[in-house]
Amino acid sequence: MSSHQASRRPIPGALFRPGEGARPPFLAGRAAEQRILADAAAELDGKDERGRANIPQNIILYGPRGNGKTALTLWLQDFTADKPRGWMPVRINAGDCGGDPDALARLLAPEPWRKRVMERGWSASVLGFGLSLPARPDDGWSVAQALASRPASVPSLVIIDEAHMLGARASRLLLNASHELRGAGAPLLLVLAGTPELEDTLRSAEASHWERGHKIPLGRLDAESAPSALLEPLKKHGASMTEDALDIAMRETLGYPFFLQLFGRHLVEAMNEARSGQADKAITERAAKAFHPDQGDFCKGRRSELRIIGGTLPAAAAWGAIRGFGEGASCDLVLAAMEPHCDDVHDIWHRLQRSGMLWEKAEGVEAGIPSLLDSTVRSAGPSADAAYQAGFAIGREWAQWRAASAGAE
Ligand SMILES: Nc1ncnc2c1ncn2[C@@H]1O[C@H](COP(=O)(O)OP(=O)(O)O)[C@@H](O)[C@H]1O
Ligand SMILES: [Mg+2]
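Every chain's residues receive numbers from 1 upward, in the order its sequence appears when written. In the order they appear in the text, chains get letters beginning with A and ligands get numbers beginning with 1. Local features in a predicted model are, by the rule used here, given only for residues with pLDDT of at least 70; side-chain atom pairs are given and counted only at 80 or more, and totals for whole chains, interfaces and linings are based on all residues.

Let us now look at the overall build of the chain. Strands here mean DSSP runs of E at least two residues long; helices mean DSSP runs of H or I at least four residues long; both are numbered from the N terminus. Tallying secondary structure elements over the chain gives 18 helices and 9 strands in all. Taken along the three principal axes of its C-alpha coordinates, the chain extends 65 × 60 × 45 Å. Split into buried and exposed, the 409 residues of the chain put 46% on the buried side. Two residues qualify as a contact pair if the distance between their C-beta atoms, derived from the backbone, is within 7 Å. Residue pairs in contact within the chain that sit at least 24 positions apart in sequence constitute 77% of those at least 6 positions apart. Counts of 20 or more other C-beta atoms within 10 Å of a residue's own C-beta define buried residues, counts of 12 or fewer define exposed ones, and intermediate counts define partly exposed ones; C-beta atoms are placed from the backbone.

Right, dumping it as structure tokens:
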């Protein structure tokens, strides 16, 4: 269909879906992560030559908010639903149990499920896990009993979203139970998804839980894959974007999945208003104008979180250093830049990282959401600007030093 034909039919206004846990119309740039999840599902689906199930490691999916952890777990749920063996998924939001193990047990095995288990005469000991179930559905079930009631004859997918909110006790009970069940051959795939604070939660439960899981860090989308988040859904409606329009969209969103959806919303609106199936520079600039207030609201909320932890000036300095250095700023550089602006630089680094303001990848430290740090520098007054400039100078100095030492080799 040409863009001219498409211009007659509006693109659905709700094509793009900004919002927590909203399934994106196209899951962009997560092929590597999808492969890991699909491999774990395949491992659990298969049997070894003695007919025993292969039990994959627990999966720990972590990253700053808005990067698509929930979206990826929803994809996994859909993916396993399509499997012939009829996977049994359970998804819970750890925020709903507030760290209370009894509440967690109720979420893992709600009463209708308990009744079903009992009616069918299933019990953990029948399943061979050396753990008996309570006599009645309304007795108090432990986390281990609730989890043991899940894996039956089909593979069980247990997704705990917002898992950083589990608290030490509930996560210890959950992970110990999963460890024992898996050890006894229960076909269970446990996926924990949470912000970078998840590391602290799991370490406080027992350090080995963090270390033993298969960890998938989830950062922003890279420059190659981010365009597809907009282009693919538009393509399904015979619509497209010109190259300069795409440049604008990429500059505005910088691979942050939530912003891509938000931008997409405004883009569709602007395209429909212009009755055009092709977003050009002018249409996309109009979309950007409408996007800015929403983006501003979002940044405002996050900036106040930054203020509360005393992180405004250190974050501005860190951002200056990252910009001044270019790709691959090290943690040491970021600490050096932040040091003059706080009393306890390690504590601030930890907080900024856990809140997703800064994100450490193998290649170096980057901003969780670059436009958020830009807006912090812009709006927090002259001292934030000065901290940024000082950080920038340190970043440049380190880059020059690196270039000189590379030349000397
Ligand atoms: N890979 C992706 N491609 C395009 N959009 C995405 C992708 N992942 C997430 N999104 C969108 O980004 C927003 C935030 O996703 P969500 O899964 O809620 O993030 P998180 O759980 O990490 O906070 C949602 O609007 C979602 O539709
Ligand atoms: Mg989420």
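Right, let's get into the pairing of strand β9 (residues 364-367). Residues Val365 and Ala367 point to one face of β9 and are all buried, whereas Gly364 and Glu366, pointing to the other face, are not buried. When DSSP locates at least two bridges between a pair of strands, those strands are taken to pair. Sheet analysis places strand β8 (residues 358-361) next to β9, joined by 4 bridges and oriented antiparallel. Of the residues in β9, the one forming a bridge with leucine 358 is alanine 367. The hairpin turn running from β8 into β9, its antiparallel successor, is 2 residues long.

Moving on, we get to the site of ligand 1. Within the structure, ligand 1 sits among 23 residues, and Pro24, Gly68, Thr70, Ala71 and Pro257 are positioned closest to it. Elements supplying a minimum of two residues to the shell around ligand 1: α3 (69-81) and α12 (257-273). Ten residue types, Ala, Val, Leu, Ile, Met, Phe, Trp, Tyr, Cys and Pro, are classed as nonpolar, four, Asp, Glu, Lys and Arg, as charged, and the remainder, Gly among them, as polar. In terms of residue class, the shell around ligand 1 is built from 10 nonpolar, 8 polar and 5 charged. Note: domain ranges come from an automatic or database domain assignment. Counting residues domain by domain, the shell around ligand 1 receives three or more from each of domain 1 (31-217) and domain 2 (224-305). Using a C-beta atom placed from the backbone, a residue is scored as near a molecule or strand whenever that atom is within 6 Å of it.

As summarised here, the arrangement of the 5 strands in space is β2-β3-β4-β1-β5, forming an open sheet in which the pairing is parallel. Two strands bound the open sheet, and with one partner strand each, they are β2 (88-93) and β5 (214-217). Taken pair by pair, the neighbouring strands of this sheet meet at an average axis angle of 15°, ignoring direction. In the sheet, β2 pairs with strand β3 (residues 156-161) via 6 bridges, with the strands oriented parallel. Within β3, the position partnered with isoleucine 92 by the bridge is isoleucine 160. For helices, the fitted line uses only the C-alpha atoms of the stretch in contact; every axis is such a line through C-alpha atoms, and the angle between N-to-C directions lies from 0 to 180 degrees.

To continue, consider the environment of threonine 284. Within the secondary structure layout, threonine 284 lies in helix α13 (residues 281-308). Taking the C-alpha atoms as reference, threonine 284 lies 14 Å from leucine 234; in sequence the two are 50 residues apart. Excluding residues within four positions of it along the chain, threonine 284 makes contact with Ala245, Ile248, Ala249, Leu267 and Ala279.

Before going further, it helps to examine the confidence of the model for the chain. Confidence in the prediction for the chain averages 90 pLDDT; 93% of positions are at 70 or higher. Every residue carries a pLDDT, the predictor's confidence in it, which falls somewhere between 0 and 100. Across residues 1-7, confidence stays below pLDDT 50; counting only partners more than four residues off in sequence or on other chains, it has 15 contacts.

Looking only at helix α17 (residues 370-379), the buried set comprises Ser371, Leu372, Leu373, Thr376 and Val377. On the buried face of α17, the contacting elements are α13, α14 (312-325), β9 and α18 (381-408). The first or second residue beyond α17 is glycine 381, which carries a positive phi of 85°.

Grouped together as the largest cluster of nonpolar side chains are 114 residues, with contacts concentrated most on Val143, Ala318, Ala321 and Val334. Each residue touching alanine 321, except ones within four places of it in the same chain, is listed here: Ala329, Leu333, Val334, Ala337, Gly391, Phe392, Ile394 and Gly395. In this usage, the nonpolar core is the set of buried Ala, Val, Leu, Ile, Met, Phe, Trp, Tyr and Cys residues whose C-beta atoms join them within 7 Å.

Moving on, we get to the packing of helix α2 (residues 31-45) against α3. The angle between the axes and the distance between the axes are what describe a pair of packed helices. Following both chains from N to C, one finds α2 and α3 inclined at 40°, their axes separated by 11 Å at the closest point. In terms of orientation, α2 lies oblique with respect to α3. The two elements α2 and α3 cross, and the hand of that crossing is right-handed. Taken together, the residues of α3 that come into contact with α2 (itself represented by Glu33, Gln34, Leu37, Ala38 and Ala41) are Leu72, Trp75, Leu76, Phe79 and Thr80. Considering only residue class, the contact of α2 with α3 consists of 7 nonpolar, 2 polar and 1 charged. Orientation labels follow simple angle bins: below 35 degrees gives roughly parallel, above 145 gives roughly antiparallel, 65 to 115 gives roughly perpendicular, and whatever is left gives oblique. Each crossing is labelled by how the near helix is turned from the far one, with a counterclockwise turn of less than a right angle marking it left-handed and a clockwise turn marking it right-handed.

A word on the domain arrangement of the chain. Once the domains are mapped, the chain shows domain 1 (31-217), domain 2 (224-305) and domain 3 (309-404). Averaged C-alpha coordinates put domain 1 and domain 2 at centres separated by 36 Å.

The geometry of α12 relative to α13 is characterised by a closest axis approach of 8 Å and an angle of 135° between their N-to-C directions. Viewed along their axes, α12 and α13 adopt a mutual orientation that is oblique. Between α12 and α13 lies a crossing whose hand is right-handed. For the pair formed by α12 and α13, the contact residues are Phe259, Leu262, Phe263, His266, Leu267, Glu269, Ala270 and Met271 on the first element and Ile283, Thr284, Arg286, Ala287, Ala290, Phe291, Asp294 and Gln295 on the second.

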